[in-house]
Amino acid sequence: MDELDMDKIHRKVQNDYKKVAMEEAQGCNCCSSSCCSSSELSNLSTQLGYSEEEQNSIPKGANMGLGCGNPQAVANIKLGETVLDLGSGGGFDCFLASKQVGDIGKVIGIDMTAEMISKARNNAKENNFTNVEFRLGEIENMPVANETVDVIISNCVINLSPNKEQVFKEAYRVLKNGGRLAISDIVLTAELPDEVKKDLSLYSACVSGASYMKDLEKYISLAGFKNIQITPKEESKEFIKEWTPEFNVQDFIVSANIEAIK
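Rules behind the numbers
Residues numbered from 1 in each chain as written. Predicted model: local features only at pLDDT ≥ 70, side-chain atom pairs only at ≥ 80, totals over all residues. Heavy atoms only, no water. Phe/Tyr/Trp six-rings, centres within 6.5 Å; stacked < 30°, edge-to-face > 60°. Buried < 20%, exposed > 50% of the residue type's maximum accessible area, 1.4 Å probe, protein only. Helix = DSSP H or I, 4+ residues; strand = E, 2+ residues; numbered from the N terminus. Pairing = 2+ DSSP bridges. 1 Å grid on protein atoms, 1.4 Å probe; cavity = no way out; pocket = protein on both sides within 12 Å on 5 of 7 lines; lining within 4 Å. Points joined across faces, edges and corners; volume = space filled by probe spheres on them. Nonpolar A, V, L, I, M, F, W, Y, C, P; charged D, E, K, R; others polar.

Caption draft 1: Structural detail: the packing of aromatic side chains. Applying the stated rule across the entire model yields five aromatic pairs. Taken together, a centroid distance of 6.3 Å and an interplanar angle of 45 degrees make the contact between Phe 239 and Trp 243 tilted. Residue classification places Phe 239 among the buried positions, given a relative accessible area of 7%. Three or more aromatic residues joined by ring pairs make a cluster, and in this case those are Phe 95, Phe 129 and Phe 134.

Caption draft 2: Layout of the pairing of strand E8 (residues 253–261). The element E8 is largely enclosed, with a buried count of seven among its nine residues. As judged from the nine bridges shared by strand E5 (residues 175–188) and E8, these two strands associate in the antiparallel manner. Bridging from a neighbouring strand, Ser 184 pairs with Asn 257 of E8. Bridging between strand E7 (residues 226–233) and E8 involves six bridges; their strand directions are antiparallel. Considered in E8, the bridge of Thr 231 is made with Asn 257.

Caption draft 3: Molecular detail of empty space enclosed by the protein. What the rule picks out here adds up to two cavities of 30 Å³ or more. Considering the residues around the largest cavity, the lining is formed by 34 residues, among which Gly 87, Ser 88, Gly 89, Asp 111 and Val 157 are closest to the centre. Among the elements of the structure, helix H1 (3–22), helix H2 (38–48), helix H5 (92–101) and strand E2 (106–111) are those that each provide at least two residues to the lining of the largest cavity. The dominant element in the lining of the largest cavity, judged by the number of residues it contributes, is H1, at three residues. Taken together, the residues of the lining of the largest cavity sort by class into 15 nonpolar, 14 polar and five charged.

Interpretation in functional terms is not warranted from these geometric data alone.
This is the structure in structure tokens:
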């Protein structure tokens, strides 16, 4: 993919998530601007693997219903660690992580959409989260120093990047030795129809940019990571089928946990 195509995808994804950030209503799937009631949002979050206690412990508006799993479940976050969230949105996973790292730890959220960063920063300020910081930037060029992070989490964001190999190289750069990836994302299980692959709106919807597991394993391995595990979650097809029912995307993609060690 050339730089012009990559830039076009970046602009499309950025603009679509800007619209979501600026709307009062929460989404009900990946990059949805459809209205989602509080009960629907709660049900979706439960399907993604978040407990009721987790959902109730974060600032109002931080849960935007945009994920495809729960990276917290595999991150094994410890007191005092530095956590980096790629594509932090309204700050949902950052605020959950902040409670686990405690006052002696730190959580950094990166997002390329200024409106998402503003929303997350307001959530942090209004709710006195002093160990959380949100930075504007692209996950292909992370505004983070070398070897300063213990664990990287991300929830349904890396599939949105047109240069996933570069994302994992950057992840390797910022992680300390022994640092780890704990990611929830979408992976391909079958070749997408051409009409889906060419639809940029479905790229923003976490469909068109998905990669096969073997390709992700290659990108992660080339970056230098070891102990790579990609675990598909077949049960995720239950909520994925609601994303774009007209295309039956659950026949082509599934959510997976992606783990690796530096």
